[in-house]
Every structure is written in C-alpha cells, then in structure tokens.
Amino acid sequence: AALDADVVCLQETKITRDLLAEPLAIVEGYSSYFSFCRTRSGYSGVATFCKASATPEAAEEGLSGLFTKQGGAVGCYGDTGGFTPEELQALDSEGRAVVTQHRICTSGGQETTLALINVYCPRADPDKPERGDFKLRFYRLLQARAEALLRAGGHVVILGDINTAHKPIDHCDPGDQESFWENPGRRWLDSFLWEPGKDSQDEKFFVDTFRLLHPGQEDAYTCWCNLTGARQTNYGTRIDYILADRALALSELKDARLMPEVLGSDHCPVQAQLRASFVAAPVCPPLCTRFLPEFAGTQQKLSRFLVKVEQTSLPDKGPKWSGTELSQRWGAKKGRTNPSKKGQGDLRSFFRTSGDSTARITDLGRPRSGLSAVQKGAEDSGKVSPIDAADLTGEGIAAGKAVGVPKEIAASLRKEPAVDVTAEETMNGGDNSAPSGPDQSAALWKSLLPGPARPPLCKAHGEPCVLRTVKKQGPNCGRRFYVCARPLGKPSDPRARCDFFLWAPRGNRDIN
C-alpha cells in the first residue's frame with residue numbers, strides 16, 4: 001500500500017549513479033534527490049522524494065558542504081574546526097546524507113522554513129575499531145550541522161537510520177544496564193535528545209517524536225535480524241528515528257508511529273505527521289535528479305569523451321549485429337520498466353496523490369524496489385545467541401552432501417547398456433535386467449544416492465532442526481551444526497526457538 005507521504009526518505013539504497021534507472025529517478029508527482037557512495041559500489045546511499053506540493057527551495061548532498069553545487073545550497077554548516085578537510089571528505093564520501101530545505105505554513109498561519117536531514121548513520125563494526133570512531137565523528141558532524149541550521153532560524157527534522165537503540169525499552173535484549181549505557185553511540189543520543197520532565201528547556205534542542213507521544217510503549221521496534229527470522233517474534237530494536245527540534249515537536253507534531261506491517265526489508269518505515277503544511281517552491285533545486293544529464297536529455301560536453309579509457313579485450317567469437325540492430329536491442333533492454341511479478345514490491349507503489357493538507361514525513365528505511373536490501377547486522381539490530389553471533393548462514397533442512405558411490409557401481413553405470421537382449425530374457429526378466437518402470441528407476445537411484453541425513457528433532461518442540469554452517473574465522477569455521485528451526489525470540493515466547501544445539505556428524509548417517 002502507498003505511504004501517502006509528502007516526503008519519503010530512503011536509506012541504504014546501495015545504488016550508484018551509473019546504475020540509477022529512470023523509473024526510480026523520475027517518479028511522477030515527486031522530485032528526487034540522491035546521494036551516492038563515492039568510495040564503494042553497492043554500498044550505503046540515501047534518497048529523498050518530495051511530492052510536488054512539498055518541492056524544496058534548496059537541497060544539497062552531505063553534511064559538510066564539500067559536495068554542494070554553486071546554486072541551490074542550504075548552507076549553515078556550523079563549526080567544523082574540529083574536523084580536518086580529509087576527515088570531512090571521508091565522512092561525506094559514503095553517501096550518508098541529503099539535506100532539503102522547505103517552506104512550511106504552521107498551524108498558526110506563520111510561514112517559516114523546515115530543513116529535513118535524511119541520514120544513514122554508520123555502523124560500528126566490532127571487528128573494525130576505526131569504524132566505531134568514524135560513527136562517533138559522523139554523529140558530531142550531524143549535530144553541528146543540525147544545530148547550525150536551527151540557530152539560523154526555522155525548524156529542523158533529522159530522520160533515518162541512526163543505527164543505535166537509545167534506551168533499554170528500545171532493545172529486545174538490553175542485558176546488563178551498566179554495559180548497555182557504556183555504548184558510545186547511546187551516550188551521544190542521551191546527550192543530544194531532550195526529554196520532558198527530565199531536561200531543562202535550555203539544555204537540548206531535539207526530541208524523539210515517537211517517544212514524545214508514546215513514552216512507555218514496549219516492543220516497539222523498527223529493525224529485525226533476517227537471518228534468525230526475528231521479525232516473526234518481534235525480537236528486534238528501534239534504531240530508526242524522526243527527531244524534530246523541540247519547538248516544532250511541541251507545537252506542530254500531530255502523530256508519530258511505526259509501521260511494522262510494511263514488509264520488504266529488515267527495517268520498517270517510521271512516520272511523523274505535522275499540523276503544518278508545505279508551501280511548494282516554484283522550481284526544483286539543481287540537485288534534483290531530473291536535472292542530471294542522463295535524465296534531462298541534455299547533450300554531454302565534448303570534454304567527457306576526451307579521456308583515456310583502459311582497453312579491455314573483447315571475445316573473439318560471438319554474434320555480430322549491425323548498428324541498427326544493436327540500437328534496437330539496447331533500446332529494448334532499457335525499455336524494461338515493468339516490475340517483476342515475484343519478490344519485493346515496486347518502490348513506486350509508495351507514491352500517490354493525496355488531498356490531505358497536513359504534512360507527512362516518512363522514513364521508509366530500506367527500499368522495496370529493485371534496489372538490494374541486505375541485512376546489516378548492526379550492533380543494535382537485536383542481541384542474538386552465541387550461535388547466531390558467530391555469523392551463520394542457514395542452509396535449510398535439506399542441506400547436505402550426497403553420499404559417495406562405490407567405484408564398482410559408478411564404473412558399471414558408465415558402461416554402455418547391452419543391446420543384444422533376447423525376447424525371452426526381456427519377458428522373463430533377469431538379475432541383470434534394467435528397471436522396467438519409473439518407480440523401479442527411482443528406487444534404484446535412491447538406493448545409490450540416499451541424500452542428506454535426516455535432521456534431528458529439537459528436544460523442546462519435537463520439530464526437525466535446521467542445518468547451519470559456522471562462517472566466522474576460527475577453529476570451528478566450516479563446521480556444520482543443527483539448531484531449532486524456529487525464529488529467535490524471548491525465552492518466554494512459545495513461538496521462539498529453543499536452545500537445542502548439536503554438531504553435525506562428518507558422515508551422512510541419520511541422527512537419532
């Protein structure tokens with residue numbers, strides 16, 4: 001179903017500019033603004049889609065202003081003196097932020113500005129300590145930019161994947177409280193967000209819109225581990241937020257909710273609704289995707305063709321097409337815009353026209369279209385058991401290797417069948433005759449290739465277990481084991497997996 005939002009924000013699009021297709025870049029009734037990762041292909045990336053009635057007056061890529069075009073900049077970058085130019089370049093090169101500035105009319109009839117910061121904050125990889133430092137520096141740059149925009153006047157909203165569960169209520173298994181609050185990202189969030197009844201009006205400037213309206217709602221999560229099937233048992237974390245400046249939230253916030261019913265990713269959308277309404281700008285800012293040369297139909301500069309290209313060898317053989325035939329084939333390839341009937345839904349289904357005058361801002365999270373949606377395995381995406389924490393991949397109950405066929409049987413199977421069989425031998429049948437029907441053939445092959453071992457039954461549920469393989473480097477890397485096939489969940493949840501564990505035998509025999 002369509003989200004019916006004025007502004008839709010996506011994170012982790014995992015797409016580069018050369019792979020951006022027109023049906024996704026140009027959505028009828030919306031203008032789009034992309035930020036692509038410049039350091040890796042198929043990594044990170046964010047995109048903001050604005051309805052025509054919410055066209056921004058300015059838009060830019062990144063938080064530091066290094067990638068800002070000459071015209072249409074939002075400005076107000078704050079104090080970046082604590083960052084080196086190389087650090088700012090690195091923080092903005094992964095395509096993690098798009099800033100759009102809109103004009104809005106408040107419920108009191110006052111016209112002002114609203115800056116929307118669509119962010120995909122980095123993950124702190126425990127195996128890469130430098131990424132933890134990178135994440136904290138990104139938080140600091142985000143805070144500097146947001147507070148600078150707020151000081152310049154108007155309002156500010158930060159929305160997207162913050163990649164940290166703020167409080168124990170936002171985590172399915174927070175564990176020890178002291179250890180929980182030692183997380184650096186969690187401490188930053190605690191210092192950044194204002195809470196009514198706890199902080200003074202002059203201390204902090206931003207508020208978590210969902211917790212402002214639903215301070216005690218439990219089991220409210222936005223991210224689940226796909227590997228363990230944790231979404232089925234709602235065993236997840238809330239790491240996707242819509243953070244608004246305190247004045248805007250207290251005066252204009254109408255609703256804030258999570259949308260776990262919307263499938264298609266390991267994250268679900270979150271939505272906030274304001275009493276204020278958008279005032280559309282007359283023209284889109286230069287960052288708008290429709291102004292890219294590949295979509296605007298403009299001619300490329302001659303200098304783009306005067307670059308040295310590394311020569312690659314072509315295959316010696318293959319079909320040769322004429323110029324006309326080649327253009328027809330290429331045109332047919334690019335003309336495939338219909339979504340697949342299988343798999344995830346079409347991203348364009350989220351956009352539709354609405355007559356509602358209230359502003360809706362939606363963080364859609366991971367895309368539901370042809371863009372790849374991959375489980376991130378963030379440190380806050382749900383605490384899993386030691387087995388799942390070992391970076392495991394499920395192979396299904398039927399996984400396994402076929403048993404070896406004795407050399408004598410294999411040799412006999414490779415022999416040419418005899419053709420001089422007498423009618424009497426055929427009628428009477430003999431010890432050496434071939435199977436006379438499909439049932440006998442199937443039985444013969446089953447006797448030769450019995451298939452994988454039957455999985456054991458877990459002790460708690462008496463259900464067939466699932467076979468998994470250890471992928472983490474170490475002494476057990478490559479070993480297989482059986483665990484309960486049910487999804488991960490709280491121990492008190494009867495739908496959740498039990499603690500059954502058994503190493504798989506080296507052979508192919510059945511397990512009792």
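Residues numbered from 1 in each chain as written. Predicted model: local features only at pLDDT ≥ 70, side-chain atom pairs only at ≥ 80, totals over all residues. Heavy atoms only, no water.

From N to C terminus, the chain includes 13 helices and 19 strands. Buried positions account for 45% of the 512 residues belonging to the chain. Contacts in the chain between residues far apart in sequence, at least 24 positions, make up 71% of those at least 6 positions apart. (Helix = DSSP H or I, 4+ residues; strand = E, 2+ residues; numbered from the N terminus. Buried < 20%, exposed > 50% of the residue type's maximum accessible area, 1.4 Å probe, protein only. Contact = heavy atoms within 4.5 Å.)

Taken residue by residue, a regular strand's side chains alternate between the two faces of the sheet. Counting buried positions along strand S3 (residues 46–51) yields six of six residues, so the element is predominantly enclosed. Direction of pairing for strand S1 (residues 7–11) relative to S3: antiparallel, over a ladder of five bridges. When the sheet's bridge partners are listed, Val8 is paired in S3 with Phe49. With six bridges connecting them, strand S2 (residues 30–35) and S3 associate as antiparallel partners. Across the sheet, the residue bridging to Tyr33 is Thr48, located in S3. (Pairing = 2+ DSSP bridges.)

Moving on: helix H3 (residues 129–151). Since there are 3.6 residues in each turn of an α-helix, residues three or four apart along the chain are aligned in direction. Here H3 contains 23 residues, and its C-alpha end-to-end distance of 34 Å stays within 8% of the 33 Å for a straight helix at 1.5 Å per residue. Directly beyond the C-terminal end of H3, a positive phi value near 105° is found at Gly153. (Expected span 1.5 Å × (residues − 1).)

Moving on, we get to the packing of aromatic side chains. For the coordinates displayed, the defined rule picks out nine aromatic pairs. Seen in terms of ring centroids, Phe180 and Trp181 are 5.5 Å apart; in terms of plane orientation they differ by 90°. Their pairing is edge-to-face. The class for Trp181 is partly exposed, based on a relative accessible area of 27%. Taken together, the ring pairs in this structure connect Tyr139, Trp188, Phe192 and Phe206 into an aromatic cluster. The cationic tip of Arg38 hangs over the ring face of Phe67; the distance from NZ or CZ to the ring centre is 3.9 Å. The ring of Tyr120 carries Arg96 above its face, with NZ or CZ at 4.7 Å from the centroid. (Phe/Tyr/Trp six-rings, centres within 6.5 Å; stacked < 30°, edge-to-face > 60°. Lys NZ or Arg CZ within 6 Å of the ring centre and 35° of its normal.)

Let us now look at the packing of H3 against helix H5 (residues 184–192). Running from amino to carboxyl end, H3 crosses H5 at an angle of 15°, the nearest separation of the two axes being 10 Å. Accordingly, the angle class assigned to the pair H3 and H5 is roughly parallel. Classified by chirality, the crossing of H5 by H3 is right-handed. Counted together, Leu136, Tyr139, Arg140, Leu142, Gln143 and Glu147 of H3 and Pro184, Gly185, Trp188 and Phe192 of H5 form the full contact between these two elements. For the contact of H3 with H5, the class distribution of residues is six nonpolar, two polar and two charged. (Axes fitted to C-alpha atoms, helices over the stretch in contact; angles between N-to-C directions. Parallel < 35°, antiparallel > 145°, perpendicular 65-115°, else oblique. Left-handed = near helix turned anticlockwise from the far one by under 90°. Nonpolar A, V, L, I, M, F, W, Y, C, P; charged D, E, K, R; others polar.)

Before going further, it helps to examine the pattern of salt bridges. Considering all chains together, one arrives at 19 salt bridges under this definition. For the salt bridge of Glu294 with Arg17, the shortest nitrogen-to-oxygen distance reads 2.8 Å. Residue Glu294 is found in helix H8 (residues 293–296), and its partner Arg17 is found in the loop between S1 and helix H1 (22–25); the two are separated by 277 residues along the sequence. Lys198 is the salt-bridge partner of Glu195, the closest N and O atoms lying 3.5 Å from each other. When salt bridges with common partners are traced through the structure, they connect Lys167, Asp190, Glu195 and Lys198 into a single cluster. (Salt bridge = Lys/Arg side-chain N within 4 Å of Asp/Glu carboxyl O.)

Mapping Asp245 onto the fold places it in strand S11 (residues 240–245). No salt bridge is formed by the buried Asp245; the nearest opposite charge belongs to Arg246, separated by 7.7 Å. For Asp245, the side chain forms a polar contact with the main-chain nitrogen of Leu248, separated by 2.9 Å. The contacts of Asp245, once residues within four sequence positions are left out, are Leu150, His155, Val156, Phe205, Phe206 and Val207. (Lys, Arg positive; Asp, Glu negative; His and termini not counted. Polar contact = N/O pair within 3.5 Å; in protein donor to acceptor, adjacent residues only side chain to side chain.)

It is worth spelling out the pairing of S1 at this point. The buried fraction of S1 is high, at five of five residues. Neither face of S1 is exposed, since Val7, Cys9 and Gln11 on one face and Val8 and Leu10 on the opposite face are all buried.

Take Leu457: it is sitting in the loop between helix H13 (438–448) and strand S17 (466–470). Residue classification places Leu457 among the partly exposed residues on the basis of a relative accessible area of 47%. It is 8.0 Å that separates the C-alpha atoms of Leu457 and Cys484, two residues lying 27 residues apart in sequence. In this structure Leu457 touches Gly462, Glu463, Pro464, Cys465 and Phe500, once residues within four positions along its chain are discounted.

Generally speaking, nonpolar side chains in soluble globular proteins are found buried as a group. Val7, Tyr33, Leu114, Val157, Leu274, Phe278 and Ile361 are the most contacted members of the largest nonpolar core, which has 33 residues in total. In this view, Val157 contacts Leu114, Ala115, Leu116, Ile117, Ile242, Leu243, Ala244 and Leu248; residues no more than four positions away in its chain are not counted. (Core = buried A, V, L, I, M, F, W, Y, C linked by side-chain atoms within 4.5 Å.)

Okay, empty space enclosed by the protein next. Scanning the entire structure with this criterion turns up three cavities of 30 Å³ or more. By volume, the largest cavity amounts to about 60 Å³. Around the largest cavity sit Asp208, Thr209, Phe210, Arg238, Asp240, Tyr241, Ile242, Ala256, Arg257, Leu258, Val270 and Gln271, which together line it. Going through the elements one at a time, helix H6 (209–213), S11, strand S12 (253–258) and strand S13 (270–274) are the ones with two or more residues in the lining of the largest cavity. Considered class by class, the residues forming the lining of the largest cavity number six nonpolar, two polar and four charged. (1 Å grid on protein atoms, 1.4 Å probe; cavity = no way out; pocket = protein on both sides within 12 Å on 5 of 7 lines; lining within 4 Å. Points joined across faces, edges and corners; volume = space filled by probe spheres on them.)

Here the focus is the environment of Thr113. With respect to the secondary-structure elements, Thr113 resides in strand S6 (residues 111–120). Residue Thr113 is classed as buried on the basis of its relative accessible area, which comes to 17%. In this structure the C-alpha to C-alpha distance between Thr113 and His102, which are 11 residues apart in sequence, comes to 5.6 Å. With residues up to four places along the chain from it excluded, the contact list for Thr113 reads Glu57, Gln101, His102, Arg103, Gly153, Gly154 and His155.

How two helices pack is summed up by the angle between their axes together with the distance between the axes. Contact geometry of helix H2 (residues 85–92) with H3 gives a least axis separation of 11 Å together with a crossing angle of 95°. In terms of orientation, H2 lies roughly perpendicular with respect to H3. On the side of H2, the interface is formed by Glu87, Leu88, Ala90 and Leu91, while H3 contributes Phe134, Arg137, Phe138 and Leu141.

On to unusual backbone geometry, then. Non-glycine residue Ser44 carries a positive phi angle of around 60°. Mapped onto the secondary structure, Ser44 falls in the loop between S2 and S3.

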